[in-house]
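Structural features, examined
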Amino acid sequence: MSDRIFGGIGLVLAIIYAWAAAGIQESFLTDEVGPKVFPWIIAVILGLSSVWFLLKPDPDPEWPSWGRIAEIGLAALVLAIYAEALPVFGFLLPTALASAYLTWRLGSRPLESVVIGVLTALGIYLIFRSLLGLSLPREGVELAIDAFFSTIGDLFGNEPAPATAPQGD
Amino acid sequence: MSFESIRRGMAAATVVVAAPFAGVAQDFTPDNPECIAPANPGGGWDFTCRQVGKSLQDAGLIPSTMQVVNLSGGGGGVAFAEVVNKRADDDDLIVAASSATATRLAQGAYPGNSMDQVRWLGSIGADYGVIAVAADSEIDTLPELLEQVQENPSEVNFGGGSAVGGWDHLKVLIAAQEAGVEDVRDVKYIAFAGGGEAVTQLLAGSLQAFTGDLSEAQGFVESGDIKVLAVLAPERLSGEFSEMPTAREQGIDAIGANWRGFYAPGDMSDAAYDYWVGQLDTLYDSDEWKAVMEANGLAPLDLHGAEFESFVAESVSNIENLSREIGILQ
Amino acid sequence: MELLGNLGDGFLIALTWENLFLALMGCFLGTIMGALPGLGPSNGVAILIPLAFTLGLGATPSLILLTSVYYGAMYGGRISSILLNIPGDEPAMMTCLDGYPMAQAGRAGEALALSGIASFVGAFFATWGLVLLAPQLVKVALLFGPAEYFALFTLAFATLGGIAATNQAKSAFAAALGLGLAMIGVDTQTGVPRLTFGEVHLYDGIDFLIAIVGLFALSEVFVFLEHRGTDRDISTKPPTAVGRIVPSWSLIRSCIPTMGRTTVLGFIAGVLPGAGASLGSFISYSMEKRLVDKDKTFGTGDPRGVAAPEAGNNAAAGGALVPMLALGVPGSGTTAVLLAVLLALNITPGPLLFTQNPDVVWGLIAALFIGNVMLLAMNIPMVGLFTRVLLVPPRILMPVVAMISFVGIYGISGSPFELLMMVGFGLLGWVLRKLDVPLVPVILGTLLGNEMEVNFRRAVEISNGDYSVLVGSPLAIGLWTVAIVGFVLPIVVGGRIKRRMHMARDEESAISD
């Protein structure tokens, strides 16, 4: 049954895709093939393979209970909020919260989760920012850490030039 | 104590421990100089930021390391929108730009944005366009090539490193237009991911002509694999490039320079704007920068402040007119 | 003889304490970058460019540092593939297929060591190929016009059926999905945006790194959330045994023919601009499977399935340096970054590089040899260290993996939009896994889709609408023949194999479920 539903969704997807491709605005300067042909070929393959498992479905996979699906959805939501929070609140706080949530849901005890979250955030920051110099969002705490490392860097001379990400203001 | 004051304090502390810099007293110095490269690491804009940042710091023109931020997407449109919408009054920020930025602005490829929403600081050099053919081609001059285009446009395939409607494409069209090709839309242009790839296909025989920047063609010219029919510069370039004829001297008045430079947020204070214009100007005049330009095949283009602003405005309106003419813009 | 003299000079340049230290540092950082999901070789190199500049290094030392990072990342990508079923970078995708089943069977140590050796073999002989054949190989690249490239990419998709043992229609669906995603963005051949729905963030297309990290790494987190507390929860099971660390000589010997063949194949794929390491490892794996997988053990933890893609992708990494140095044309994302570095260092790669800057070229080549030996020496003893990762309980490990994925993508793209897309890919990956749709073709589609379409359109455009140009050269016809044979053969002999496959279904690897 799952495969039939999946095939149905795939077919709808193929039709929507072909329709969206038909809506591609062509400019006066178009090549012999044009921008629509390849997407249409793809839509056909997408459609044909969907029809295939609509007609010849595999045995059903074992779907988790609704509770578990909600669990996954909630985790995805937390990660989405995390993505939006990064440029606003800096790196450490959102990362600590998000990883604390994940580790809690994966079976850590609440207090333990907080500790793991904080350590994860700090560890990643030190490796990616202080060692590899990747641009990460920075607010108060992050800038303090960077200032500390740049002081050490000056004492020893050479330190990779860190790059920074857009700040909240 | 707010985050802000902590941050300013930290920044000040960084300045104190950073290498002392010899600078003239100014009305403005950036606490946290930052350069946005509107593309992934490794691209042209990324290099503009990193190279200028490094040179400014080496010359003691900025008090601390230039932070380079990659903000990719939309061919620079994501960064442009970010600067306009969220960081319009940031005095510490500059953004890398090039002819591609002007082309996209002119063609409305940054939806809802226009060039007057930011302040244009200055150029750091230009890469002049070339039109070239394989060394064993029978064609020796630009008018010969364009004559062939006129007679039989489907037999001459131009290849270049930008998308259709992009700068490499437009350069050919400008030349064709000057040479009197009636409908420039007949000129065939095949887009490649980069100039090098297009040259390879020229050598492989898939293409008949190459349009790109001098720096992309340089290595192949020296090795004798391709011959440059014309440089799209106002006059002959200096040094080893002086042998290449300009389009102008062949009677085709086409000039195409891929300039590199910077813009700054639209509400940047005048003190900060003057500071950045001044530092870029000083950098441009230094011998160190001359060496960098030579290394990167950049030709002189010394425009700063208001001059640069009107230069960009002019090129945007030229590209807009041309794009309208050939139907890329409706 | 002159060649050896040049190489000797190269070693004289490369063998200074400073350069050796830089190579070591590059290898180490590269391995880490390669192993972390979200940071591939190209971003790894790009991120470390400021380091080279800040240290004020000259041309040769900078190149030594950055190419060590490049080679290191190619080595490193396999580590997370084998241990976590999450490819550290895109060429390591194929290593998951047999590497992870080996690790689950308690042979993680062997898989890591063997793949390290295979990487070494691939990279070592590819470097020799670079030394001996660079000028001649350039001519091979010139044989490939748009029509030949199109045939080559079609060949890659035609052999797809070989890699995933599941329902072939699902492979086709997955490939079409990936190709469909690749179409998003501004169309270079006409300059019009396609399927972007006016979203500026999509104009440049979807970065395949976002797709790969979402589909593999985040979906893995979701799988753990789904199974927590059930009988399929592996976090409550005793930690997987690591097994012996040094593979037996007979195991290595059994993989030698595989390594030899895939090194050659990967190297050629690397030499062709636009194909690159991912295609190298992909073709290596699917060809080996066709050739030696008599008992249908590929995909279930066959050591040859680990050796093949690793030798292939490291050979391709070496091969990609050929067009970069000899033509100034980058064959892959990473070489594009390296090319930019060369230009910044006042060196113009191209036909004359070997004569104009022999010190740079030969110093670089010598550094590649040194880096390779270092990587092998570093990787084998560190196998024990790497496998410790398996001892970390998943409830701690998986959040760390997820956060690292976010950091990697945020660091290069700088905006939350890409992160949201990645979360979307994570959910998609989870659903596809449930439905038994293989993920590898999705990635392959996003990776190669644009190149495939664009070359098709270039070929037809150049010939003014004459489609016969697609089979217009002996090389193109040859590639099409291989593609068709590769596609049809499994269907013809498929019936017999299918019956056997059904029996083996229960033991199928996690990646194909």
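All figures in this text were calculated on a predicted structure; none of them were measured in a lab. (Residues numbered from 1 in each chain as written. Chains lettered and ligands numbered in written order. Predicted model: local features only at pLDDT ≥ 70, side-chain atom pairs only at ≥ 80, totals over all residues.)

What follows is about the domain arrangement of chain B. All names here are of chain B. Split into domains, chain B comes out as domain 1 (25–126 + 258–326) and domain 2 (127–257). Each side of the interface is counted separately: domain 1 has 16 residues, and domain 2 has 18 residues. Of all the secondary-structure elements, those providing two or more residues to the side of domain 1 that touches domain 2 are α4 (99–106), β9 (257–265) and α11 (306–326). Sort the elements by how many residues they give to the side of domain 1 that touches domain 2 and α11 lands first, with 4 residues. (Domains from an automatic or database assignment. Contact = placed C-beta atoms within 7 Å. Helix = DSSP H or I, 4+ residues; strand = E, 2+ residues; numbered from the N terminus.)

Another aspect to go through is unusual backbone geometry. All names here are of chain C. Non-glycine residue N85 carries a positive phi angle of around 70°. Along the chain, N85 falls in the loop between α4 (59–84) and α5 (95–143). What makes N85 buried here is the crowd of 21 C-beta atoms within 10 Å. With a phi close to 55°, N464 is a non-glycine residue in the positive phi region. Note on placement: N464 falls in the loop between α18 (440–462) and α19 (474–492). The class for N464 is partly exposed, based on 13 C-beta atoms found within 10 Å. (Buried ≥ 20, exposed ≤ 12 C-beta atoms within 10 Å, placed from the backbone.)

When two helices pack together, you describe them by how their axes are tilted relative to each other and by the distance separating the axes. At their nearest, the axes of helix α5 (residues 110–131) of chain A and helix α16 (residues 394–413) of chain C sit 10 Å apart, and the two run at 40° to each other. Comparing their axes, α16(C) and α5(A) come out oblique. The hand of the α5(A)/α16(C) crossing is right-handed. Residues I116(A), T120(A), I124(A) and F128(A) of α5(A) pack against I396(C), P399(C), V400(C), M403(C), I404(C), V407(C) and G411(C) of α16(C). Taken together, the residues of the contact of α5(A) with α16(C) sort by class into 9 nonpolar, 2 polar and no charged. (Axes fitted to C-alpha atoms, helices over the stretch in contact; angles between N-to-C directions. Parallel < 35°, antiparallel > 145°, perpendicular 65-115°, else oblique. Left-handed = near helix turned anticlockwise from the far one by under 90°. Nonpolar A, V, L, I, M, F, W, Y, C, P; charged D, E, K, R; others polar.)

What follows covers the interface of chain C and chain A. Taken together, the contacts link 59 residues of chain C with 64 residues of chain A. The leading source of residues in the side of chain C that touches chain A is α16(C), at 12 residues. When its residues are assigned to classes, the side of chain C that touches chain A shows 36 nonpolar, 12 polar and 11 charged.

Compared with an ideal rise of 1.5 Å per residue, which puts 21 residues at 30 Å, helix α1 (residues 2–22) of chain A spans 30 Å between its outermost C-alpha atoms and is within 8% of the ideal. Taken together, the buried positions of α1(A) are occupied by D3(A), F6(A), G7(A), G10(A), A14(A), Y17(A) and A21(A). Relative to the axis of α1(A), the buried residues are bounded by an arc of 100° and lie together on one face. Exposed positions of α1(A) whose direction lies more than 90 degrees from the buried face are I5(A), V12(A), I16(A), W19(A) and A22(A). Buried residues along α1(A) sit in contact with α2 (37–55) of chain A together with α7 (168–182) of chain C. (Expected span 1.5 Å × (residues − 1). Arc of directions from axis to C-beta.)

Attention now goes to the nonpolar core. With 334 residues, the main nonpolar core has V95(B), A175(B) and I443(C) as its most contacted residues. With 22 residues, α5(C) is the single largest residue contributor to this core. Apart from the residues within four sequence positions on either side, A175(B) is in contact with I131(B), L142(B), L146(B), A247(B), I252(B) and A254(B). (Core = buried A, V, L, I, M, F, W, Y, C linked by C-beta atoms within 7 Å.)

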